[in-house]
Amino acid sequence: MVKVKRNILLNPGPSTTTDTVKMAQVVPDICPREKEFAQIMAPLREDLVKIVHADPKEYTAVLFCGSGTICMDVAVNSLLDKDKKALIVSNGAYSQRACDVCRYYGLPFIELKQPLDDKPDLRKIEEVLKENPDIGYVYVTYHETGTGLLNPVKEIGALAHRYGAFLITDTTSAYAMIPINVYEENIDFCMASAQKGIMAMTGLSYVIGRRNIIEQSKDFPTRSYYCNLYMQYEYFEKTGEMHFTPPVQTIYAARQALIEYFNEGEEAKWKRHQRVMNAIRKGIDEIGLKEVLRREVQAGLVAAIDYPEDPNWDFEKVHDYCYERGFTIYPGKIDGRGGFRLCALGAIDEEDITAFWEVFRQALQAAGVQVPIN
Ligand SMILES: *Cc1c(COP(=O)(O)O)cnc(C)c1O
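Residues numbered from 1 in each chain as written. Predicted model: local features only at pLDDT ≥ 70, side-chain atom pairs only at ≥ 80, totals over all residues. Heavy atoms only, no water.

Trainee: Sorry, what's going on with the packing of helix α3 (residues 69-78) against helix α4 (residues 93-105) here?
Mentor: In helix packing, the relevant descriptors are the interaxial angle and the interaxial distance, both defined with respect to the helix axes. Where α3 meets α4, the axes come as close as 10 Å, and the angle between the chain directions of the two elements is 55 degrees. As summarised for this structure, α3 and α4 are arranged oblique, according to the angle between their axes. You can see that α3 and α4 cross each other, and the crossing is right-handed. Contact with α3, carried on its side by T69, M72, D73, V76 and N77, involves Y94, R97, A98, V101, C102 and Y105 of α4 and no other residues of that element. (Axes fitted to C-alpha atoms, helices over the stretch in contact; angles between N-to-C directions. Helix = DSSP H or I, 4+ residues; strand = E, 2+ residues; numbered from the N terminus. Parallel < 35°, antiparallel > 145°, perpendicular 65-115°, else oblique. Left-handed = near helix turned anticlockwise from the far one by under 90°. Contact = heavy atoms within 4.5 Å.)

Trainee: Would you mind showing me how to read the environment of M191 here?
Mentor: Structurally, the position occupied by M191 is in strand β9 (residues 189-193). Sequence separation of M191 and S173 is 18 residues, and the distance between their C-alpha atoms is 9.4 Å. The contact partners of M191, leaving out residues within four places of it in the chain, are C71, M72, A75, Y139, I168, T169, D170, T171, T172, Y175, Y206 and V207.

Trainee: Would you mind showing me how to read unusual backbone geometry here?
Mentor: The phi torsion of most residues other than glycine is negative, and most of the peptide bonds are trans. At the junction of G13 and P14, the peptide bond is cis and its omega measures out at -5 degrees in the coordinates. Secondary-structure assignment places P14 in the loop between β1 (8-9) and α1 (19-23). You will see that H53, though not glycine, has its phi angle at about 60 degrees, which is positive. Within the secondary structure, H53 sits in the loop between α2 (35-51) and β2 (59-65). By relative accessible area, which is 38% here, H53 ends up partly exposed. With a phi close to 55 degrees, N186 is a non-glycine residue in the positive phi region. Following the sequence through the fold, N186 ends up in the loop between β8 (166-170) and β9. (Buried < 20%, exposed > 50% of the residue type's maximum accessible area, 1.4 Å probe, protein only.)

Here it is, written out as structure tokens:
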């Protein structure tokens, strides 16, 4: 096997992958219209449904070639019936992106703004649902990757259902990391991207959702040629293939990643991510860094950290120092607030974080930042 340098990615995806997943991409050239290729798609789609404990008779995975945002685009634009409105629970950069998708398609939607650093107010959500019987779906980001906030999806889903709407949640930064059960959490549609939870490559993304609603959406207005959920679903049902050229090598990597996912096991994998986050938090506390969110409201996969107030702090310098030594840290995603993020996804474990903090301390020292920070 070719030796590939192992980098520790602490950015919120793509994540660190195993060598076996990297190497799974090296396959003989194949035309994806061959039966042999279609045969690897069916079990892959079933596995993706299984990860969120759904019955493949009721839920299906519809694959798209693109980064995670393609699924947001597809779900938001394809699942709104005419005369219906979307309700977006807006409490972070990713739900704002969903609002942008609505704007770009000219869709009617209600943006319910909620604090970025706390759980949304369920009563407000209920009020909006009560006042607007024409809401077709409620949209919420499961885990706001910009801040690390975990949303109460189960409760929001129950409200949506009580008022005759269905629930779409963007699980891109939680799927295959935090155990999710679509039935228990009232989820009709969720989504993810291969470079995050399953620890594979960028270029393959999937919407997982209820077949009966996808079937209904056949009669919803079609707003996109390429990003239409029903069109892609129907093509899969008829042929077992993606409508247009799939990301062939990325799919081989995803297949290997799923083998490794089920080998590691849902619980063990979540425990590992928690171990990694505990190691991240230990370093934060020891160095005296401050997080944006209280830990009780975090999903436990992203730590959003404020820039230290030390005049010598320089993100670029610290980033470059760490990067040269194989560790990638990532800027924050909160408007008007300087910060950076450390994320617990990927094929890493606590010893990688211990090694990272050593390098980070050296980087602070090299920049002349006082440790501990007070
Ligand atoms: C990563 C991510 C996405 C997708 O981002 P891409 O850059 O398009 O892959 C969408 N939603 C959330 C919550 C994410 O964390």
